[in-house]
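Observations on chain architecture
The chain contents come next:
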Amino acid sequence: MLRSCSLALLALHGASALQVAKPAISTRRADGLRSTAILAVSATDEGQASLPSSTANLVKSIVGSGVLSLPVGLAAFSSSRAALVPALALLSVAGTVSGYCFSMVARVCAATDSSSWGEAWSKSARCQSSRAPVGEKSSWVPPALIGLLTLSVSIQYTMVIGDSFSSIFSARRPSSLLAWGLPALLASRTGAIAALTAFGTLPLSLLPSLSALSFTSALGVAGLLYTAAFMVLRMSSYGPGSALHAAAGGFALSAALTAVVMAAGFLTFGGACDGFILNNYAPTDRLAQLARVAIGSQIVFTYPFIHVGLRDSAQALLASVFGKAPARVPTTFGIFALTTAIAISLTNLGLIAAVTGALVSTSIGYVLPSLMLGQTLARRVRAGGASRSDKLELLAARGITALGVALAGIGVWSCFV
């Protein structure tokens, strides 16, 4: 149960770290950390995204590749169907708390007139003691964690691309467009990763502007909805084995999608669930092949948005160390070489998702937002202008901080036992 909880937390709040924006979800003031808002607005260069668009972007960002590893997290705890009840209860709690933490970030950014994690982190602690955990001296913490998160997501996306397209490339059925029967070199997992990287994700990530890919959020949500519907349909075919409004709608739909995928995968395969649940379905299953195409394709088109965040973080880090940031193109090639090599060598998507969720996503999703809001409310309390609700929310923020730290420790421990 601990491991399944870690995976559920990742799927629900892992991308919230990439969603810092003011209540209107605007990107007018992009800076070196524009990765914190880029997914929320889906490559809109200026202006504000509409509420439906923002909700779709948020759903697509939250319900990413991690959701397809949830069934194996539940299966690691128990193969009994009764285990689904507490898992869904934990999922509901995680979704509620994650949505609240997301709103914390928007509120702090609005209150401090900030457009990035680092800026909000620094401003939320003004006039505080120099010993406060939040402040200018530790302003490197949010971008560093975001960089680690985008690195992990890039690796996971590459792994999903390999798992999805290797099955499509290797399947042989002349009458089906979803069974290509390519040579073994290309049909292997390594060959699929190399081919899709060279001719898909790398060229797209080298584009000077990603505005042409703004359609991918709606495409991604459609692919996830199809995959969830397909998994429910196949349950009997396989043997057992404003920003606040956008946040509320986005997290509610994300929680529902996550619950459906986790339940359908677990109820279909039980303890035999794979780390990437679509690997459990037969290569000859046409609906499964279509799901692989849907998931694999939307990840190929979504990958550049994640890469921009990782590239910006890497350039900022290198600039702070060497005094000058490398150019965009060589940085992109270096990152792709690293992530592709790691993705080829690793095969357990569930473990990668769990470790990232425990260490990075929990910190970004729970600890950092609650610390920032807590410091903002604490300053208000000391100034004597805090209401009773402010004081109660301060206690809630402190409690969420403690919860996040505890979950990080439990999550790491559960990944290796």
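Remember, it's a predicted structure, so these values are computed and weren't measured experimentally.

**Brief notes about the overall build of the protein chain**
The helix and strand inventory of the protein chain stands at 15 helices and zero strands. Residues classed as buried in the protein chain amount to 59% of the 417 residues present.

**What about the packing of aromatic side chains?**
Scanning all chains against the criterion turns up five aromatic pairs. Centroid distance Phe230 to Tyr281: 4.8 Å. Interplanar angle 55 degrees. Geometry classified as tilted. Phe230 sits in the buried class, given a relative accessible area of 2%. For Tyr281, a relative accessible area of 1% gives the class buried.

**Some words on the side chain of Thr201**
Among the secondary structure elements, Thr201 is positioned in helix 9 (residues 189–205). Leave out the neighbours within four places in its chain, and Thr201 touches Ile161, Leu196, Val300, Tyr303 and Phe336.

**Let's talk about the nonpolar core**
The biggest cluster of nonpolar side chains holds 87 residues, and the ones touching the most others in it are Leu68, Phe165, Leu278 and Tyr281. It is helix 7 (residues 141–170) that provides the largest number of residues to this core, a total of 13 residues. Setting aside residues no more than four positions away along its own chain, Leu68 makes contact with Thr227, Val261, Gly275, Phe276, Ile277, Leu278 and Ile295.

**Overview of a nonpolar patch on the surface**
Where nonpolar side chains cluster on the molecular surface, the patch consists of Val232, Met235 and Val260 and spans about 200 Å² of accessible area. Mapping Val260 onto the fold places it in helix 11 (residues 243–269). Relative accessible area serves as the criterion here: at 32%, Val260 is assigned to the partly exposed category.

**Structural notes on the packing of helix 7 against helix 12 (residues 286–322)**
Interhelical geometry of helix 7 versus helix 12 gives an angle of 155 degrees and a closest axis separation of 8 Å. Of the possible angle classes, the one that applies to helix 7 and helix 12 is roughly antiparallel. For the element pair helix 7 and helix 12, the recorded crossing hand is left-handed. Of the residues in the contact of helix 7 with helix 12, the class split is 15 nonpolar, 12 polar and one charged.

**Some details on the packing of helix 5 (residues 84–112) against helix 15 (residues 388–415)**
Orientation of helix 5 relative to helix 15, taken along the N-to-C sense of each, is 115 degrees, at an axis distance of 12 Å. Considering the relative orientation of helix 5 and helix 15, their crossing is left-handed. Note on element contacts: helix 15 touches helix 5 through Glu393, Ala397 and Ile400, opposite Val97, Tyr100, Cys101, Met104 and Arg107. Looking at side-chain class alone, the contact of helix 5 with helix 15 contains six nonpolar, no polar and two charged residues.

**Brief notes about the confidence of the model for the protein chain**
Summary statistics for the protein chain give a mean pLDDT of 75 and a share of 75% for residues scoring 70 or more. Helix 2 (residues 35–41) is the least confidently modelled element of the protein chain, averaging 36 in pLDDT, while helix 13 (residues 328–345) averages 94, the highest of any element. For the stretch residues 1–48, pLDDT sits under 50, and the model shows 159 contacts to residues farther than four places along the chain or on other chains.

**Let's talk about the pattern of salt bridges**
For the coordinates displayed, the defined rule picks out four salt bridges. Arg189 serves as the salt-bridge partner of Asp163, at 3.0 Å between the closest nitrogen and oxygen. Placement of Asp163 in helix 7 and of Arg189 in helix 9 is noted, with a sequence separation of 26 residues between them. We classify Asp163 as buried; its relative accessible area is 8%. Using a relative accessible area of 17% as the deciding quantity, one classes Arg189 as buried.

**What about the environment of Phe276?**
As for its position among the elements, Phe276 is in the loop between helix 11 and helix 12. By relative accessible area, Phe276 is classed as buried at 1%. Phe276 sits 73 residues away from Leu349 along the chain, and the two C-alpha atoms are 6.3 Å apart. Look past the residues within four positions of Phe276 in its chain and what remains in contact with it is Leu68, Val160, Asp163, Ser164 and Leu349.

**Notes on unusual backbone geometry**
The phi dihedral of Asp113 is positive, around 55 degrees, even though this residue is not glycine. Assignment of secondary structure puts Asp113 in the loop between helix 5 and helix 6 (117–123). Residue classification places Asp113 among the partly exposed positions, given a relative accessible area of 42%.

**Observations regarding the environment of Ile155**
Position of Ile155 relative to the elements: it lies in helix 7. We classify Ile155 as buried; its relative accessible area is 8%. Ile155 has contacts with Thr339, Ile342 and Ala343, leaving out every residue within four places of it along the chain.

Conventions we followed
- Residues numbered from 1 in each chain as written.
- Predicted model: local features only at pLDDT ≥ 70, side-chain atom pairs only at ≥ 80, totals over all residues.
- Heavy atoms only, no water.
- Helix = DSSP H or I, 4+ residues; strand = E, 2+ residues; numbered from the N terminus.
- Buried < 20%, exposed > 50% of the residue type's maximum accessible area, 1.4 Å probe, protein only.
- Phe/Tyr/Trp six-rings, centres within 6.5 Å; stacked < 30°, edge-to-face > 60°.
- Contact = heavy atoms within 4.5 Å.
- Core = buried A, V, L, I, M, F, W, Y, C linked by side-chain atoms within 4.5 Å.
- Patch = residues over 30% accessible without salt bridge, like charges linked within 9 Å, V, L, I, M, F, W, Y side chains within 5 Å.
- Areas by Shrake-Rupley, 256 points an atom, 1.4 Å probe, with all protein chains shown as cover.
- Salt bridge = Lys/Arg side-chain N within 4 Å of Asp/Glu carboxyl O.
- Axes fitted to C-alpha atoms, helices over the stretch in contact; angles between N-to-C directions.
- Parallel < 35°, antiparallel > 145°, perpendicular 65-115°, else oblique.
- Left-handed = near helix turned anticlockwise from the far one by under 90°.
- Nonpolar A, V, L, I, M, F, W, Y, C, P; charged D, E, K, R; others polar.
- pLDDT = per-residue confidence, 0-100.

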